[in-house]
Amino acid sequence: MAAIDDLIAQIEDKALRERLRTETDRITKEKKFGLVFEDHLPELTPVYSAMVKKNSKVALQDGKLSDLWRVLSVRNGEAHCRNIGSGEMRQFAVDDLVVVRQFGEPIFPALVPVDRVQNGPDDAPWHTLIEADNYHALQLLDYLHAGKVDCIYIDPPYNSGARDWKYNNDYVDDNDNWRHSKWLAFMRRRLKLAKRLLKPDDSVLIVTIDEKEYLHLGMLLEQMFPNARMQMVTIVINAPGQTRKQQLARVEEYAYFIFFGDAEPPLVTDDLLNDKPSHNPNTVRWESLLRSGTNSRRIDRPALFYPVFIRPESRELVDAGDAKPIGTPRSAWEVPNGTTAVWPLKSDGTEGNWRASPEYLRQLSTKGFVRVGEYRANEGRGTIWYLGRAAINKIDTGEILVVGRDAQGAVVVTPNPESIHGRRTVAKTVWNRSLHHAGWHGTNLLGAILPGKTFPFPKSLYSVVDALRLAVGHKTNAVVVDYFAGSGTTLNAVNILNLMDGGQRHCVMVTNNEVSEQDAINFKAKGYRQGQIEWERHGICQSITWPRSKYTVLGKRDDGSELEGEYFTGKTIDIEKPRKINQIAFTSIEELDSATKKKQLVALIDGIPQSEVKKDSAFVVSEKYPASILFDESLADAWLEALEGQEHITDFYIVTTSKSIFDDLKASINDLLGPVIVTGEEKRPMRAGFRANLEYFRLDFLDKDHVALGRQFREILPILWLRAGAIGPRPELPKNKPIPAMLIPEHNPFAVLVDESRFADFAAEVEGRNDLSHAYLVTDSEDAFQEMAGQLKVANVIQLYRDYLENFVINKGEGAA
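Residues numbered from 1 in each chain as written. Predicted model: local features only at pLDDT ≥ 70, side-chain atom pairs only at ≥ 80, totals over all residues. Heavy atoms only, no water.

A. Local environment of the overall build of the chain. Secondary structure summary: the chain contains 21 helices and 36 strands in total. Counting only C-alpha atoms, the chain reaches 115 × 75 × 55 Å along its principal axes. Restricting the contact set of the chain to residue pairs at least 6 apart, pairs at least 24 apart contribute 69%. Surface accessibility of the chain: about 39600 Å² in total, with carbon and sulfur atoms responsible for 49%. Here the chain contributes 101 positively and 114 negatively charged side chains, and the mean placements of these two sets differ by 1 Å. (Helix = DSSP H or I, 4+ residues; strand = E, 2+ residues; numbered from the N terminus. Contact = heavy atoms within 4.5 Å. Areas by Shrake-Rupley, 256 points an atom, 1.4 Å probe, with all protein chains shown as cover. Lys, Arg positive; Asp, Glu negative; His and termini not counted. Charge placed at Lys NZ, Arg CZ, Asp CG, Glu CD.)

This is the structure we're talking about:
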């Protein structure tokens, strides 16, 4: 601008010089060094559901959206119009026109229910899908959630030049010289509204992008949120790389994290730089409750022979029976209703004993130190695990905290948050996990849910899970908004996050119902128009976002077919795996008559170093190594005695030509050590669905005067429900019945007084409702409202319809620049 200032100073005409200075000052006002872009004309959006009537602003359905006309009159299906730009007068068939909304004009939104799915409890918050242009939806969300949102996650169009987004209903491509400028103006308008949704003292905004706009986006975010803390994360989404002509192979995309107020990422068990380690340092050793080795028969310890009562389905330990005198038959014990008795039986069916008394086992169970493994009903026995003294000592010293049982009844042992040194860490700014592969866990996952359907570049489900984990992993009741919802990955991720920790996070998604460019060409060739059912049912929201969201909640499709595949839940669980016991029958102890020969055999085995073998070794058992070998079957008893307590040994090799001896020793090892307990990531069948509820709405617009006259209560009711938290099934009013004087739904935390003359009755009805968070009072009188509000013990009392109307009139002008 310095050169322009110099040129202006050379103009002799003072009046012209001052006018140019004023204009350049206006242009450069609010522009920041490093980021200068044009604001462009306000955006326009067609509203196909709106009726064409007098004073409507319209465009031709097959013309340019920016060629606007004002309707002067409508008669016999014909609209008499004046062109807003040129003043030209023309008549058009009403069916050829579409109502157009210009950003910045006041709107009065309503939500039209389309569909819903309930697979969770009534009192859980209902997730919400809104089909709409996201700018107008953000205006509505500002009324519903201003200052209440914990996280906004968006994946906007990347502006790659491949006609991947529209500005004023026209595709923007590489040939548009203003492509980057239009994209920045498009983003800024939406970020300006989104900022008002976020909690100013503790919230996170996440925006993903690729290399085409990440520099421009970063500067825009810094300009718009100067007081926030911003970091950019690099996410490897395709490690093999995507080849591009005359370019390096691209493997990554980026995510900007903007932290507001006191928000900070929580500590995590994996830093996301690489895949999770297979070994969990927090794992404790579970020991088999069944005694092995010496004194392991019932006759040896009769006081330790008793039944353990379990529920096999939930793997829940209910109680322990008392011991009875030796010789008492097992049928003498009474089994509580709904339980099954597990006895200390060896693999050969003989009676053994437990390692703990009934009293001590009950104490361990109360603390969560006992877990139920596999139950073998046909054998009348099962596996009971308990934490040994070494693990309990760790718990007592605060190294490990036992939380209890998860939703499936399994015992959960987690690190103590106050003693996390060396166990939890800060996530890195480069993520390189196989679960973030966009093809495997984005495109392929979506194809498994919606066979035959395609969507361009869906996110990996797990990259979104990890992003949200860093934003709201510590907030189990967080509100999460995604106003570029696309295929619906964010809701899928929120449901997994809720599954991981039992949370009730509430997700609000917004997406338009655009069809692909090629589909639009094909539909026009068939005579279809946007807004018609034949066109709209192929749009993103109706054909991708809603079906995916619905099917993943239920675990099945509309035709009843179950979803195949599994989710990775991020939860670690203990998994029982059998120990590997191998027979070596091609040699014998007589042939292995030297250390050299024994070492040659051991050289073929992983897990036993040759240095452990001596000439006189009858077997090898070591506390350091995971494998053991028996050379001399005549010393099997000594070998088994040496193996007692060596749970770390997973592989066994027995030199014998006798199948019966091998089978006996195999049974003895299984009795002695039981199966191996390994830590792995829990998976959830997709067919299991999620305990969640979801409602699908389409955004519509109301007539301001009709709202003011109270004629739109049914249309506004969904908005009142959402503003109160979308808790409990949304109440509905029959269309053929009059509006009630008051509405106080039993399962929703809000109440509405429609007829203010009934306030005394209304106040009496809500007096005992301690669960109410919102009360809506319909009155035109400010004094009456204040008097009534002062008598209600409800946190949020709102004046209808004044509050609604004033909010959206105030919004006039937003987004015009």
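B. Spatial organisation of the pattern of salt bridges. All chains considered together, the criterion is met by 40 salt bridges. The salt bridge partner of Arg-698 is Glu-131, with a shortest N-O separation of 3.4 Å. With Arg-698 in strand β32 (residues 693–701) and Glu-131 in strand β8 (residues 127–131), this pair connects stretches of sequence that are 567 residues apart. Note that Arg-730 and Glu-732 form a salt bridge whose closest N and O atoms lie 3.7 Å from each other. Residue classification places Glu-732 among the exposed positions, given a relative accessible area of 55%. (Salt bridge = Lys/Arg side-chain N within 4 Å of Asp/Glu carboxyl O. Buried < 20%, exposed > 50% of the residue type's maximum accessible area, 1.4 Å probe, protein only.)

C. Spatial organisation of empty space enclosed by the protein. Per the counting criterion, the structure on display carries three cavities of 30 Å³ or more. Looking at the largest cavity, its volume works out to about 100 Å³. As for the largest cavity, its lining consists of twelve residues, and the residues nearest its centre are Arg-433, Val-465, Asp-466, Gly-570 and Glu-681. Those elements giving two or more residues to the lining of the largest cavity turn out to be α9 (461–472) and β26 (566–577). If one sorts the elements of the lining of the largest cavity by residue count, α9 sits on top with four residues. Its residues assigned to classes, the lining of the largest cavity comprises five nonpolar, two polar and five charged. Its boundaries defined by the atoms lining it, the second largest cavity holds a volume of some 40 Å³. Around the second largest cavity, the lining residues are Tyr-153, Thr-208, Ile-235, Glu-253, Ala-255, Phe-257, Trp-431, Lys-459, Ser-463 and Ala-467. Going through the elements one at a time, β14 (252–261) and α9 are the ones with two or more residues in the lining of the second largest cavity. Among the elements that take part in the lining of the second largest cavity, β14 stands out by supplying three residues, more than any other. (1 Å grid on protein atoms, 1.4 Å probe; cavity = no way out; pocket = protein on both sides within 12 Å on 5 of 7 lines; lining within 4 Å. Points joined across faces, edges and corners; volume = space filled by probe spheres on them. Nonpolar A, V, L, I, M, F, W, Y, C, P; charged D, E, K, R; others polar.)

D. Highlighting the nonpolar core. Formed by 77 residues in total, the largest nonpolar core has its most connected members in Ile-152, Leu-191, Leu-205, Tyr-483 and Tyr-804. Contact partners of Leu-191, with chain neighbours within four places excluded, come to Ile-154, Leu-205, Leu-220, Leu-221, Met-224, Phe-225 and Tyr-483. Core analysis: the second largest hydrophobic core is formed by 55 residues, Trp-431, Leu-446, Leu-470 and Ala-478 among them. (Core = buried A, V, L, I, M, F, W, Y, C linked by side-chain atoms within 4.5 Å.)

E. Seen up close, helix α6 (residues 358–366). Taken residue by residue, α6 has Pro-358, Leu-361, Leu-364 and Ser-365 as its buried positions. For α6, the angular spread of buried residues about the axis comes to 120°, placing them on one side. Within two residues after α6, Gly-368 carries a phi angle of roughly 85°, on the positive side. (Arc of directions from axis to C-beta.)

F. Quick look at the sheet that holds strand β19 (residues 370–376). Sheet architecture is open: three strands sit in the order β15-β20-β19, paired in antiparallel fashion. The outermost strands of the open sheet, each flanked by one partner alone, are β15 (286–288) and β19. Sheet twist, expressed as the average angle between the axes of neighbouring strands with direction ignored, equals 30°. Taken together, the three bridges between β15 and strand β20 (residues 381–387) define a ladder with antiparallel strand orientation. Its bridge partner lying in β20, Trp-286 is registered against Leu-387. (Pairing = 2+ DSSP bridges. Axes fitted to C-alpha atoms, helices over the stretch in contact; angles between N-to-C directions.)

G. Up close: unusual backbone geometry. Cis geometry is adopted by the peptide bond preceding Tyr-801, which originates at Leu-800 and carries an omega value of 0°. With respect to the helices, strands and loops of the structure, Tyr-801 is situated in the loop between β36 (796–800) and α21 (802–810). Positive phi values are uncommon outside glycine, yet Ala-726 reaches one of about 55°. Checked against the element boundaries, Ala-726 lands in the loop between α18 (713–723) and β33 (742–743).

H. Broad picture of the sheet that holds strand β29 (residues 627–630). Strand order in this open sheet of four strands is β27-β30-β29-β28, and the pairing throughout is mixed. The outermost strands of the open sheet, each flanked by one partner alone, are β27 (580–584) and β28 (619–620). Direction of pairing for β28 relative to β29: antiparallel, over a ladder of two bridges. Paired with Val-620 across the two strands is Ile-629, which belongs to β29.

I. Representation of helix α10 (residues 489–501) within the structure. Over its 13 residues, α10 extends 19 Å from the first C-alpha to the last, a length consistent with the 18 Å expected when each residue adds 1.5 Å. The element α10 is extensively covered by neighbouring structure, given that ten of its 13 residues are classed as buried. Among all positions of α10, only Thr-489, Thr-490, Leu-491, Asn-492, Ala-493, Val-494, Asn-495, Ile-496, Leu-497 and Asn-498 are buried. (Expected span 1.5 Å × (residues − 1).)

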